[in-house]
Amino acid sequence: MRFDVITLFPELFDPFLRTGITRRAFESEQVKICLHNPRDYAHGNYRRVDDRPFGGGPGMVMMAEPLSLALAQAQGQRAQPGKVILFSPQGRALDHVTVQRWAASEGAVLVCGRYEGLDQRFVDRYVDEQISLGDFVVSGGELPAMVFLDAIARLQPEVLSDAQSHQQDSFNPHLDGLLDCPHYTRPEDWHGSPVPEVLLSGHHERIERWRRDQRLLLTARLRPELIVAARASGALDAADERLLDRTA
Ligand code: 9D3
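Residues numbered from 1 in each chain as written. Predicted model: local features only at pLDDT ≥ 70, side-chain atom pairs only at ≥ 80, totals over all residues. Heavy atoms only, no water.

### Description of the pattern of salt bridges
Spelled out, the test is: Salt bridges are counted wherever a side-chain nitrogen of Lys or Arg sits within 4 Å of a carboxyl oxygen of Asp or Glu. Exposed residues in this analysis have more than 50% of their type's maximum accessible area, buried residues have under 20%, and partly exposed residues fall in between, with area computed by a 1.4 Å probe over protein chains only.
A full pass over the atoms with the stated rule returns 16 salt bridges. With a shortest N-O distance of 2.7 Å, Arg2 and Asp4 are connected by a salt bridge. There is no split in this pair, since Arg2 and Asp4 are both buried. Ionic contacts of the salt-bridge type, sharing partners, join the residues Asp176, Arg209, Arg212, Asp213, Arg215 and Asp240 into one network.

### Examining the pairing of strand 1 (residues 2-6)
The condition is simple: Labels follow the DSSP assignment, with helices taken as runs of H or I lasting at least four residues and strands as runs of E lasting at least two, numbered in each case from the N terminus. Two strands are said to pair when DSSP picks up at least two bridges between them.
Of all 5 residues in strand 1, 5 are buried; the element is thus mostly enclosed. Burial along strand 1 is two-sided: the residues Arg2, Asp4 and Ile6 and Phe3 and Val5 are all buried. Across 5 bridges, strand 1 lies against strand 2 (residues 32-36) in parallel orientation. In the strand pairing of strand 2, Arg2 is matched with Lys32. Across 5 bridges, strand 1 lies against strand 6 (residues 107-112) in parallel orientation. Bridge pairing links Phe3 to Ala108 in strand 6.

### Topic: the site of the ligand
We apply this condition: We call a residue near a molecule or strand whenever a single non-hydrogen atom of that residue lies within 4 Å of it. By the criterion applied in these results, polar contacts are pairs of N or O atoms within 3.5 Å in which, for protein atoms, one can donate a hydrogen and the other can accept it, and in which residues neighboring in sequence qualify only through two side-chain atoms. Surface accessibility follows the Shrake-Rupley procedure with a 1.4 Å probe radius. Residue values consider only the protein chains on display as shielding. Charged residues are taken to be Asp, Glu, Lys and Arg, nonpolar residues to be Ala, Val, Leu, Ile, Met, Phe, Trp, Tyr, Cys and Pro, and polar residues to be all remaining types, Gly included.
Among the 17 residues in the neighbourhood of the ligand, the closest are listed as Ser88, Leu133, Gly134, Phe136 and Val138. In this structure, Ser132 approaches the ligand through a side-chain N or O atom, which is 3.4 Å from a nitrogen atom. Within the backbone of Leu133, a nitrogen or oxygen atom sits 2.9 Å from a nitrogen atom of the ligand. Look at the ligand: alone it shows 580 Å² of surface, and the protein chains cover 73% of it. Per element, the largest residue contribution to the shell around the ligand is 3 residues, and it comes from strand 5 (residues 84-93). Of the residues contributing to the shell around the ligand, the split by class is 9 nonpolar, 7 polar and 1 charged.

Next comes the structure, spelled out in structure tokens:
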């Protein structure tokens, strides 16, 4: 799949594309990323990409023309024209289902906004879908686009670990819809805090039950709505229900 990214700050993507377990996906043709800077398509000595808003008000607005020329360049390089995703505070919040949908696609063109936003005429003419990370403010669409690409890259078969691949089809980002259990590594005693004794017992059944109980208790305490959903989907058995009863 191929993602074209339209951004005034392509250099922000360099360390992201070169680092971590997702690097393999980006360096192979598996998830190809092509960056396009609207400034390269801006006219005049000043190469303007933004201007003051008609009607007045604070901040600047990204001009439609440099964006549309960058988009035309991106679409022209693709085998098929891609859907256009705008990262914007107005979008629907990203979730696991949306990530899975795009992870199974041929890719898309990602537009990263800066300043107060884009000229609405560009949005109206070209944008198919708007995605937000949630109801908080960041400075532009680049970090949200990288979060989106990271989530897609780690779903690629060659990036997934064995442990994750079992999880791949699950609807929920949490295994069985429950939060993960706590993890411990060496040393056995860290400045007076021991590792739970059961984990050192070598007793696999007891360890698995303890982990399941921890997940149930943690989920009931931190995300009770996930217990309701897990119950509704039939993910809880009689032993799970007894544990929850005992600790209610
Ligand atoms: C006062 C109006 N602000 C809108 C909430 C102005 C504004 C703030 C930040 C306009 C654009 C931005 C830049 N942010 C993004 O482009 C963005 C974003 C975000 O700020 N939060 C969560 N998800 C996203 S996706 C893109």
